[in-house]
Amino acid sequence: MMTFRETWQKFLPIIPLAGAILALPASDADAADAYRIRPGSTTIAFSVDHLGLFQTEGDFTAFDGSLILDLDDPSRSRVDVRVETGSVEVESDEAMAMLRSDDYFDSGDFPEMRFKADHVTSLGDGKVEIDGDLTIRGVTRRQTLQAELTDRRFDPAAGGEVANFIVTGKVDRVGFGMVADRGFVSDDVDLRIISYIRLVGDDVAAR
Amino acid sequence: MVLAAFAVALIMTDVEARDFLLRFWLYQAHKTIGLLVLLACLARLGLRLLGRGPGPVKGLPTSKRRLAGLGHAALYGLLLAMPVLGLLVADTAPQKVPTLFLGLWRLPVLIGPDAALFEGLSTLHMVLAWTLVVLALGHGAMAIHHHRRGLDVLRRML
């Protein structure tokens, strides 16, 4: 008879698979394809400006989300990403501790931030505008981001067509109650999210 | 200038960590003073090489003259090395804070962030800073010492 531990270990690998299946779009009659947004194939980076003289860059290392991409009808595309605020990383340890503190992300009270897009508008030329709810420190505000699919190419290693899904935008940190050090750290935070995806055809699959 | 740079360094590394703006400008002041030291030292060495420097002190025995020469060489070496090392410390620091000479002119990045180099250079910069301050104080003390004994050293230094 299997012990609880053995049973658990046996079924453990199934859990992410189940998650991937659940992430599939409800309707698969259209050309929408679902992708997992997670570390390894996606980077979520940001930068802030200091006195207009130099910038500090950082990124998040723990997040999970889904991207539903409809190339034929971009307005049907959706994004939903949750990011662990405690996974923020910058060059200096001192700054890293500061970003996790109450003054910034307050990771203790708000371990997660989330962007859930509900409106995608095509700007033409392969570019889209994504509108959605951004929640940081428990404050939810409307946020607009720009996105485009670039570097579409055939990748023999991936065995198919690949591309970079690049999302950029400016987030006003003060709007989320992040008001510390305004004399030195800019209000605007430049976001840059790059997702490497293998484009799939009409057959829907999760990456 | 050396003492000013040293004093600013003591303050800037001790200032409330969260007072970024103050810290930023203290570091800039420190770096500007350091660069001025470098320029002044190069100018002085240039004058010396052109034979316009002070001649040997009259009335000092050769052995002591040689000792003084050694001390002065060490001072010049440190005066040149310190600003260069300081520049490299700023250059290799993980935070890409620019160096603004006189708060206006941005110096180009030479090497870029390098954690190992940064650690080594910072330590060296700090050790040599203390060495330079001790030597400079000794240099001043010797000048006063000779002055008291009737040698015309202090007056021509001022």
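In the block above lies the structure referred to throughout.
Just so it is clear, the model here is predicted, and its values are computed rather than measured. (Residues numbered from 1 in each chain as written. Chains lettered and ligands numbered in written order. Predicted model: local features only at pLDDT ≥ 70, side-chain atom pairs only at ≥ 80, totals over all residues. Heavy atoms only, no water.)

1. Looking at the overall build of chain B
At step 1: Across its full length, chain B holds five helices and two strands.
At step 2: Ordering the α and β elements of chain B from the N terminus gives α-α-α-β-β-α-α.
At step 3: Going through the 158 residues of chain B one by one, you find that 32% of them count as buried.
At step 4: For chain B, the share of sequence-separated contacts (at least 6 apart) that also reach a separation of at least 24 residues comes to 65%.
At step 5: Counting only carbon and sulfur atoms, one obtains 70% of the accessible surface of chain B, whose full area is about 10100 Å². (Helix = DSSP H or I, 4+ residues; strand = E, 2+ residues; numbered from the N terminus. Buried < 20%, exposed > 50% of the residue type's maximum accessible area, 1.4 Å probe, protein only. Contact = heavy atoms within 4.5 Å. Areas by Shrake-Rupley, 256 points an atom, 1.4 Å probe, with all protein chains shown as cover.)

2. Some words on the environment of Pro 54 of chain B
Residues and elements named next belong to chain B.
At step 1: Tracing the backbone shows Pro 54 in the loop between helix H2 (20–49) and helix H3 (62–92).
At step 2: The class of Pro 54 is partly exposed, set by a relative accessible area of 43%.
At step 3: Spatially, the C-alpha atoms of Pro 54 and Met 157 are 9.0 Å apart, while their sequence positions differ by 103 residues.
At step 4: Once residues lying within four places of it in the same chain are set aside, the contact partners of Pro 54 are Arg 48 and Arg 156.

3. Considering the interface of chain A and chain B
Much of the literature gives interface size as the accessible area that the parts lose upon coming together.
At step 1: In this assembly, 14 residues from chain A lie in contact with 13 residues from chain B.
At step 2: Of the roughly 1200 Å² buried at the junction of chain A and chain B (both faces included), carbon and sulfur atoms supply 62%.
At step 3: It is Leu 53, Phe 54 and Phe 184 of chain A that lose the most area in chain A upon contact with chain B, and together they represent 41% of the buried surface on that side.
At step 4: If you look at where chain A meets chain B, you find two salt bridges.
At step 5: Between Arg 23 of chain B and Glu 94 of chain A there is a salt bridge, with its nearest N and O atoms 3.2 Å apart.
At step 6: Where chain A packs against chain B, one counts three residue pairs in polar contact (both at pLDDT 80 or more).
At step 7: For the side of chain A that touches chain B, the secondary structure elements donating two or more residues are strand E3 (54–60) and helix H3 (93–100) of chain A.
At step 8: Among the residues forming the side of chain A that touches chain B, the class breakdown is seven nonpolar, two polar and five charged. (Buried area = accessible area lost by both parts, 1.4 Å probe. Salt bridge = Lys/Arg side-chain N within 4 Å of Asp/Glu carboxyl O. Polar contact = N/O pair within 3.5 Å; in protein donor to acceptor, adjacent residues only side chain to side chain. Nonpolar A, V, L, I, M, F, W, Y, C, P; charged D, E, K, R; others polar.)

4. Some points on the side chain of Arg 23 of chain B
At step 1: Checked against the element boundaries, Arg 23 of chain B lands in helix H2.
At step 2: Here Glu 94 of chain A takes part through its side chain, which lies 3.2 Å from a polar atom of the side chain of Arg 23 of chain B.
At step 3: The contacts of Arg 23 of chain B, once residues within four sequence positions are left out, are Glu 94 of chain A together with Met 12, Val 15 and Ala 17 of chain B.

5. Focus: the sheet that holds strand E1 (residues 33–37) of chain A
Residues and elements named next belong to chain A.
At step 1: Spatially, the 11 strands line up as an open sheet ordered E1-E4-E5-E7-E8-E9-E10-E11-E2-E3-E6, and their pairing is antiparallel. The sheet is open, and its two borders are formed by E1 and strand E6 (88–90), each paired with just one other strand. Strand-to-strand twist of the sheet, defined as the mean angle between neighbouring strand axes without regard to direction, takes the value 25°.
At step 2: Relative to E6, H3 is tilted by about 150°, and along the sheet it contacts strand E2 (42–50) and E6. (Pairing = 2+ DSSP bridges. Axes fitted to C-alpha atoms, helices over the stretch in contact; angles between N-to-C directions.)

6. Points about the pairing of strand E5 (residues 78–84) of chain A
Residue and element names in this part refer to chain A.
At step 1: Pairing geometry for strand E4 (residues 63–69) and E5, over six bridges, is antiparallel. Paired with Ile 68 across the two strands is Arg 78, which belongs to E5.
At step 2: Pairing geometry for E5 and strand E7 (residues 112–124), over five bridges, is antiparallel. Paired with Arg 82 across the bridge in E7 is Arg 114.

7. Focus: a nonpolar patch on the surface
At step 1: A surface patch of nonpolar side chains, amounting to about 260 Å² of accessible area, comprises Leu 51 of chain A together with Leu 21 and Trp 25 of chain B.
At step 2: Trp 25 of chain B sits in the partly exposed class, given a relative accessible area of 41%. (Patch = residues over 30% accessible without salt bridge, like charges linked within 9 Å, V, L, I, M, F, W, Y side chains within 5 Å.)

8. Here's the deal with the pairing of strand E8 (residues 127–136) of chain A
Residues and elements named next belong to chain A.
At step 1: Of the pairings in the sheet, the one linking E7 to E8 comprises nine bridges and is antiparallel in character. Note on E8: the bridge partner recorded for Gly 124 is Lys 127.
At step 2: Counted along the chain from E7 to the antiparallel partner E8, the turn is two residues long, and its residue Asp 125 has a positive phi close to 60°.
At step 3: Taken together, the 10 bridges between E8 and strand E9 (residues 139–155) define a ladder with antiparallel strand orientation. Counted as the bridge partner of Thr 135 is Thr 140 from E9.
At step 4: Connecting E8 to the antiparallel partner E9 that follows it, the hairpin turn spans two residues, and Arg 137 within it adopts a positive phi of roughly 55°.

9. Details of the packing of helix H1 (residues 2–12) of chain B against helix H4 (residues 115–148) of chain B
Residue and element names in this part refer to chain B.
At step 1: Orientation of H1 relative to H4, taken along the N-to-C sense of each, is 140°, at an axis distance of 11 Å. It follows from the interaxial angle that H1 and H4 lie oblique. Every pair of crossing elements has a handedness; the one defined by H1 and H4 is left-handed. Counting all contacts with H1, which are made through Val 2, Leu 3 and Phe 6, the residues of H4 involved are Ala 129, Trp 130, Leu 132 and Val 133.
At step 2: Residue composition of the contact of H1 with H4, by class: seven nonpolar, no polar and no charged. (Parallel < 35°, antiparallel > 145°, perpendicular 65-115°, else oblique. Left-handed = near helix turned anticlockwise from the far one by under 90°.)

10. Structural notes on H2 of chain B
Since the α-helix packs 3.6 residues into each turn, any two residues three or four apart lie on the same face.
At step 1: The end-to-end C-alpha distance of H2 of chain B is 43 Å, a good match for the 44 Å that 30 residues give at a rise of 1.5 Å each.
At step 2: Residue Gly 51 of chain B follows H2 of chain B closely and has a positive phi angle near 80°. (Expected span 1.5 Å × (residues − 1).)

11. Side note on the packing of H1 of chain B against H2 of chain B
Residue and element names in this part refer to chain B.
At step 1: Taken N-terminus to C-terminus, the directions of H1 and H2 make an angle of 160°; their axes are 9 Å apart at the nearest point. The pairing of H1 with H2 is recorded here as roughly antiparallel in orientation. For H1 against H2, the interelement crossing comes out left-handed. On the side of H1, the interface is formed by Val 2, Ala 4, Ala 5, Val 8, Ala 9, Ile 11 and Met 12, while H2 contributes Arg 23, Leu 26, Tyr 27, His 30, Ile 33 and Val 37.

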